[in-house]
Amino acid sequence: MVSVLRVHLPSEIPIVGCELTPYVVLKRLDGSASTEDVNEASPVDGCFLRYRCIHPTEQATLQCLGCVKAKIPISKSYHCSPKCFSDAWQHHRALHDRATSAVNENGTEEEELFGRFNSSGSGALNSGLSGSTSNVAQSPSMNNGTTTPSYPAIITERSGGETWFEVARTKTYTPTADDIGHVLKFECVPVDVETRIPVGSSFPYFTSRVIPAPSPSPRRLIPVGDVMAHLDSDGRAASSGTFTVLSYNILSDVYATNELYSYCPSWALSWPYRRQNLLREIVGYHADILCLQEVQSDHFEEFFAPELDKHGYQALYKKKTAEVYNGSPYAIDGCATFFRRDRFSHVEFNKAAQSLTEAVIPTAQKKNALNRLLKDNIALIVVLEAKFSNQGADAPGKRQLLCVANTHINVHHDLKDVKLWQVHTLLKGLEKIAVSADIPMLVCGDFNSVPGSSPHALLAMGKVDPMHPELAVDPLGILRPASKLTHQLPLVSAYSSFVRMAPDQHRRRMDPTTNEPLFTNCTRDFIGTLDYIFYTADSLMVDSLLELLDEDSLRKDTALPSPEWSSDHIALLAGFRCVPRSRR
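Only a predicted model underlies this, so the values are computations on that prediction, with no experimental measurement involved.

### Comments concerning the overall build of the protein chain
Here's step 1: Each helix and strand in the protein chain was counted, giving 14 helices and 27 strands.
Here's step 2: Evaluated residue by residue, the protein chain yields a buried proportion of 52% over its 584 residues.

Laid out in structure tokens, this is it:
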């Protein structure tokens, strides 16, 4: 007979709008364990699994005082009733064990708080709770007409029995606003495929209270250009000759680990929560072109491509190569470029753009050179044709093309020579495209290079000072002679426009020594600028920029990603206007 060994969710705190999919471990008749779902159409050992998700008609009203004294997070200490608490006791007790063993080796406080529940079972637990409120924290009810808080708050215990309300009979469930304040209980039970009668005991899993999804304060698009762009009611540039570009490293799920982001709540790191926030944020910017980095291949195919297609975007994607990344194929990340179909169409331009999407290393290189250089950076080059009126064109009816490079440069701090080599290779390829056609260019992405670094100098200044200290590290000789580290593209960083034209409050969010934002990436150990949008200043003009964050907006105790944000990077958004080269 099939039996359920374990059930758990990626996050103990359910969030409104975030799909919950329990992880179920089964034991088969032959003793083997399996995590595969067993549905009615494909039974195992004559059984299939039946799921149910329920919540009580009353909000969670009972808090374990032991959790409070043991300093267990408040979100894990709530139950809807003494019966709910009793049913979950064996799992809940483990929280006490872990918390108290770390701070109280002699066990005296643990004995005082939990001793009577150690072996007496649920009956003693119910008796203890019904005869005393010493283990229940009380405070005024939340149902007093005030808004339900975004995070758990202590509320009054209610008397009497409880009634549970079934909300789903599926393995997955997405909490709604009606679930706010309630605990959820998942039940999983093996059922005989012929009799439809349960053949094993139900395996319940209790969550913490459902909370609303927090969201960051909206960021405004600020006009900063010589010609002020008029915005329509959706926040998009209304003038037909303008367009907007978003660049955003969305933080791949494989990197959003509790080890790297231990200061961030686990529920805020879960992919179901982050993908909801990311989609809402990205769509809310109404950008005409989206340049996203660290997009996992499975997330692109299963989520971003179909979801953004609903909003009118066409997608192009380039992932890292399997030769470089040795993990599972589905976990490979890459760059994704989306564009609005009503504003642009994709143009098959020439082989130069296509060749840049591959990491090409001469076969004559030695193995150690390959190991150092082949770090699988991504450069996705897209040539688009504008469908809107190109007001600044030299002649009416002339095709308005636009070349967009979306890149993610190697992250390792000790490989500064590789970063510079990658940026130089990208720029030289773009120069070939520029020679082939008179075409405006955008270079967007996460360059993993701070202002003043050699890659940033090459991008912004067109050359690298031969005395730059980063050129001293060049074990393969790939940067020699230093005189070759140049390019002829008239690139300018879009956000430098804030320094020149933005209001004072926004200029204060810029570094006056580098003319770049104070930060675009923020973690517990690093706050600085790594992301940029560069444009060719002889053919494009900045009209507007998304306002930057200031340091006061960061949570000083944790930094990003806080629960309100989706990534450790912030999105950059710029509005542009195509102009004739003769006028620049």
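### Focus: the sheet that holds strand E2 (residues 23-27)
Here's step 1: Spatially, the 3 strands line up as an open sheet ordered E1-E2-E3, and their pairing is antiparallel. Whereas interior strands pair on both sides, the edge strands pair on one side only; in this sheet they are strand E1 (3-8) and strand E3 (33-34).
Here's step 2: Across 2 bridges, the pairing between E2 and E3 is antiparallel. Considered in E3, the bridge of Leu 26 is made with Ser 34.

### Brief notes about the pairing of strand E12 (residues 242-249)
Successive side chains on a regular strand alternate, one facing one side of the sheet and the next facing the other.
Here's step 1: Within E12, 8 of the 8 residues are buried, which leaves the element mostly enclosed by the surrounding structure.
Here's step 2: Along E12, one buried face is formed by Thr 242, Thr 244, Leu 246 and Tyr 248 and the opposite face, lined by Phe 243, Val 245, Ser 247 and Asn 249, is buried too.
Here's step 3: Examined bridge by bridge, E12 and strand E27 (residues 572-578) share 6 bridges and lie antiparallel to one another. Note that in E27 the partner of Phe 243 across the bridge is Phe 576.
Here's step 4: Bridge count for E12 against strand E13 (residues 289-296) is 5 bridges, and the pairing is parallel. Residue Val 245 lies in a different strand from E13, and its bridge partner there is Ile 289.

### Remarks on the sheet that holds strand E9 (residues 185-192)
Here's step 1: Judged by pairing direction, the sheet is antiparallel, and its 4 strands sit side by side in the order E8-E4-E9-E10 without closing on themselves. The open sheet terminates on both sides in strands that have one partner only, identified here as strand E8 (164-168) and strand E10 (203-206). The mean inter-strand angle of the sheet, taken between neighbouring strand axes irrespective of direction, is 30°.
Here's step 2: Here 4 bridges tie strand E4 (residues 47-56) to E8, and the two strands are oriented antiparallel to one another. Looking across to E8, one finds that Ile 54 is bridged to Glu 166.

### Quick notes on the packing of helix H7 (residues 271-284) against helix H8 (residues 297-309)
Here's step 1: Where H7 meets H8, the closest approach of the two axes is 11 Å, and the angle between their N-to-C directions is 35°. In this structure, H7 meets H8 at a crossing whose hand is right-handed. Packed against H7, whose contacting residues are Trp 271, Arg 275, Leu 278, Leu 279, Ile 282 and Val 283, the element H8 presents His 299, Phe 303, Phe 304, Glu 307 and Leu 308 at the interface.
Here's step 2: For the contact of H7 with H8, the per-class residue count stands at 8 nonpolar, 1 polar and 2 charged.

### Topic: helix H12 (residues 454-461)
Here's step 1: With 6 of its 8 residues buried, H12 lies for the most part within the structure.
Here's step 2: The complete set of buried residues in H12 reads Ser 454, Pro 455, His 456, Ala 457, Leu 458 and Leu 459.
Here's step 3: Where H12 is buried, its residues contact helix H11 (416-436), strand E20 (491-493), strand E22 (516-517) and strand E25 (531-536).

### A few points about the nonpolar core
Inside soluble globular proteins, nonpolar side chains tend to come together where they are buried.
Here's step 1: The biggest cluster of nonpolar side chains holds 56 residues, and the ones touching the most others in it are Phe 243, Leu 246, Ile 289, Phe 304, Leu 442 and Phe 576.
Here's step 2: Ignoring sequence-local partners within four residues, the contact set of Phe 304 consists of Ile 250, Trp 271, Leu 278, Ile 282, Val 295, His 299, Asp 309 and Phe 338.
Here's step 3: Of all hydrophobic cores here, the second largest spans 31 residues; its members include Trp 421, Leu 427, Ala 437 and Tyr 532.

### Comments concerning the environment of Arg 169
Here's step 1: Within the secondary structure layout, Arg 169 lies in the loop between E8 and E9.
Here's step 2: Discounting chain neighbours no more than four positions away, the residues touching Arg 169 are Tyr 51 and Arg 52.
Here's step 3: A polar side-chain atom of Arg 169 sits 2.9 Å from a polar atom in the side chain of Glu 166.

### Quick word on the pairing of E4
Here's step 1: Across the 10 residues of E4, 8 count as buried, placing the element largely inside the fold.
Here's step 2: As paired strands, E4 and E9 are joined by 8 bridges and run antiparallel to one another. Paired with Tyr 51 across the two strands is Cys 188, which belongs to E9.

### Thoughts on unusual backbone geometry
Here's step 1: That bond from Arg 480 to Pro 481 is cis: its omega, -10°, falls within 30 degrees of zero.
Here's step 2: Positive phi, normally seen in glycine, also occurs at Arg 196, with a value near 60°.
Here's step 3: As for its position among the elements, Arg 196 is in the loop between E9 and E10.

### Focus: empty space enclosed by the protein
Here's step 1: Per the stated rule, a full pass over the model turns up 4 cavities of 30 Å³ or more.
Here's step 2: Here the second largest cavity defines a volume of roughly 90 Å³.
Here's step 3: Around the second largest cavity sit 13 residues that line it, and Ser 11, Glu 19, Leu 20, Ser 270 and Pro 272 are the ones nearest its centre.
Here's step 4: Taken together, the residues of the lining of the second largest cavity sort by class into 9 nonpolar, 3 polar and 1 charged.

What counts, and where the lines are drawn
- Residues numbered from 1 in each chain as written.
- Predicted model: local features only at pLDDT ≥ 70, side-chain atom pairs only at ≥ 80, totals over all residues.
- Heavy atoms only, no water.
- Helix = DSSP H or I, 4+ residues; strand = E, 2+ residues; numbered from the N terminus.
- Buried < 20%, exposed > 50% of the residue type's maximum accessible area, 1.4 Å probe, protein only.
- Pairing = 2+ DSSP bridges.
- Axes fitted to C-alpha atoms, helices over the stretch in contact; angles between N-to-C directions.
- Left-handed = near helix turned anticlockwise from the far one by under 90°.
- Contact = heavy atoms within 4.5 Å.
- Nonpolar A, V, L, I, M, F, W, Y, C, P; charged D, E, K, R; others polar.
- Core = buried A, V, L, I, M, F, W, Y, C linked by side-chain atoms within 4.5 Å.
- Polar contact = N/O pair within 3.5 Å; in protein donor to acceptor, adjacent residues only side chain to side chain.
- 1 Å grid on protein atoms, 1.4 Å probe; cavity = no way out; pocket = protein on both sides within 12 Å on 5 of 7 lines; lining within 4 Å.
- Points joined across faces, edges and corners; volume = space filled by probe spheres on them.

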